[in-house]
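# Survey of secondary and tertiary structure
Below, each chain spelled out in residue letters.
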Amino acid sequence: MRVGIFGAGSIGNHLAFSSRKIGAAVTVCDTSLAALERFRNEIYPSRYGVFDSEIQLVAKDSFLDNYYDVIFIGTPPDSHLNLLKEAISAKPKIICIEKPVSTPNLSEIKSFAEILKTAEPKVLAGYNHRVGRNTAIALDFLRTFPVGTIKKLESVVLESWDGILAAHPWLNGPEDSYLGYTNRGGGATFEHSHGIDLWCLFADYLNLGDVRSLTAQASFVTNQAGGEYDESISIQLVTENGTAGEIHQNVTEKNVKKWVEITGDRGSIRTSVGVLPGVDQVTWKSSIDSKISIESQVRKTRYDDFDRELEEILKIFTESNGLTYSNLSATSALKSALIGLAALESARSNKDAYLDFKDWNFDLR
């Protein structure tokens with residue numbers, strides 16, 4: 001499998017390392033020669049022990065001179081739309097856009113939606129918690145252990161972006177990248193949109209229907225360069241069948257909390273990322289008898305997120321009957337973007353947002 005990666009930053013390194021682990025030939029490009037040098041001399045060897053000399057590092061203007069089976073877009077969100085168009089023109093079999101797919105811009109989201117209608121490559125999105133072992137266990141728990149009628153679905157990603165900045169030591173702060181700008185796809189709503197995306201994954205699995213309406217509260221701050229980002233957001237949602245839900249995300253919490261909880265009238269299931277260092281956990285509790293519960297723990301490294309993503313892509317790539325549905329669907333990711341945008345506008349206007357996924361739109365009332 002021939003893999004091409006747009007972007008030589010932290011995500012590009014993760015994707016390259018996981019791609020090489022499954023035996024792919026890897027080429028990485030960037031518009032910055034300094035970023036390519038940092039990839040070769042600093043990031044990759046510091047994380048993985050030594051630079052892999054089989055990885056080709058090239059300038060962006062020569063990147064698409066070669067053919068790739070899979071192209072990853074691992075650059076800032078405000079570059080994704082144009083790079084998707086370039087990637088489609090190269091005619092790979094699969095394109096995977098790392099999250100968040102889009103910025104909070106309605107015309108951009110609509111443009112993505114139009115492209116996805118006719119794009120010949122399979123277009124995926126790198127919301128890799130969808131294919132994490134804990135998520136798979138949680139879905140298995142839902143098939144095996146009763147929760148009854150769903151009363152509430154809640155998703156939480158409360159995590160300071162100190163860890164993100166530590167992985168990008170060349171940044172002085174969030175203002176030095178898209179992270180510190182809501183309109184570029186940074187801030188709590190889009191940068192931590194795993195929370196929204198996992199909420200949507202479980203809502204789909206439980207047949208709760210699409211989000212019908214939401215209301216949100218957010219805290220906006222000004223970064224040191226004068227730009228604005230949302231440091232926290234709380235969203236209350238109602239689905240088409242009337243199920244209530246909540247999503248909470250921030251970039252300030254030092255005591256990290258990342259989990260999804262499904263609450264029914266007979267039991268509840270919580271799937272947690274990093275409940276202990278290097279440990280994810282899934283727990284089922286009975287609502288009928290408080291003494292009954294079942295717990296499963298999974299040991300994990302940061303690399304596992306991307307390993308699972310590459311395993312999913314390899315599975316699609318090798319399907320004998322052609323490219324099939326994937327949990328990493330870009331259309332699902334675009335729904336998360338529309339929810340995020342509607343939530344930000346709801347928070348700014350103090351109004352409810354009503355969503356229409358057929359027209360990729362929303363209105364405030």
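These remarks concern the structure in this document. (Residues numbered from 1 in each chain as written. Predicted model: local features only at pLDDT ≥ 70, side-chain atom pairs only at ≥ 80, totals over all residues. Heavy atoms only, no water.)

## Here's the deal with the overall build of the protein
Condition: A helix here means a DSSP run of H or I that spans at least four residues, while a strand means a run of E at least two residues long, and both kinds are numbered starting from the N terminus. The quantity called the radius of gyration is restricted to C-alpha atoms. Its globule counterpart is 2.2 Å times the number of residues to the power 0.38. Classification of residues uses two cut-offs on accessible area relative to the type maximum, computed with a 1.4 Å probe and protein chains only: under 20% is buried, over 50% is exposed, and between them is partly exposed. Whether two residues are in contact is decided by their heavy atoms, any of which lying within 4.5 Å being enough. Shrake-Rupley sampling with a 1.4 Å probe provides the accessible areas, and residues are treated as covered by the protein chains on show and by no other component.
Counting secondary structure elements, the protein contains 11 helices and 16 strands. The C-alpha radius of gyration of the protein comes to 20 Å, within 12% of the 21 Å expected for a compact globule of 365 residues. When the backbone C-alpha atoms are referred to their principal axes, the protein occupies close to 60 × 40 × 40 Å. Among the 365 residues that make up the protein, the fraction classed as buried is 54%. Counting only contacts in the protein whose residues sit at least 6 apart along the sequence, the fraction spanning at least 24 positions is 66%. Carbon together with sulfur atoms contributes 47% to the accessible area of the protein, which is approximately 15600 Å² in total.

## Describing the sheet that holds strand 13 (residues 279-286)
The condition that has to hold: Any two strands with at least two DSSP bridges between them are considered paired. Under this scheme, a helix contributes an axis fitted over its contacting stretch, all axes are lines through C-alpha atoms, and angles between N-to-C directions fall in the 0 to 180 degree range.
Spatially, 14-13-12-11-7-10-9-8-15-16 is the arrangement adopted by the 10 strands of the open sheet, whose pairing is mixed. Among the strands making up the open sheet, the edge pair consists of strand 14 (293-299) and strand 16 (361-364). Each adjacent strand pair in this sheet contributes to an overall mean axis angle of 15°, direction not counted. Across the sheet, helix 11 (residues 330-349) is in contact with strand 8 (211-222), strand 9 (228-239), strand 15 (353-356) and strand 16; its angle to strand 8 comes to roughly 65°.

## Quick word on unusual backbone geometry
Residue Pro 100 is bonded to the preceding Lys 99 through a cis peptide linkage, with omega at -10°. Relative to the helices and strands, Pro 100 resides in the loop between strand 5 (94-97) and helix 5 (106-118). Look at Lys 91: it is not a glycine, yet its phi comes out positive at around 60°. Looking at the element boundaries, Lys 91 is found in the loop between helix 4 (80-89) and strand 5. We classify Lys 91 as exposed; its relative accessible area is 66%.

Honestly, that's just the spatial picture; any functional story needs more than this.
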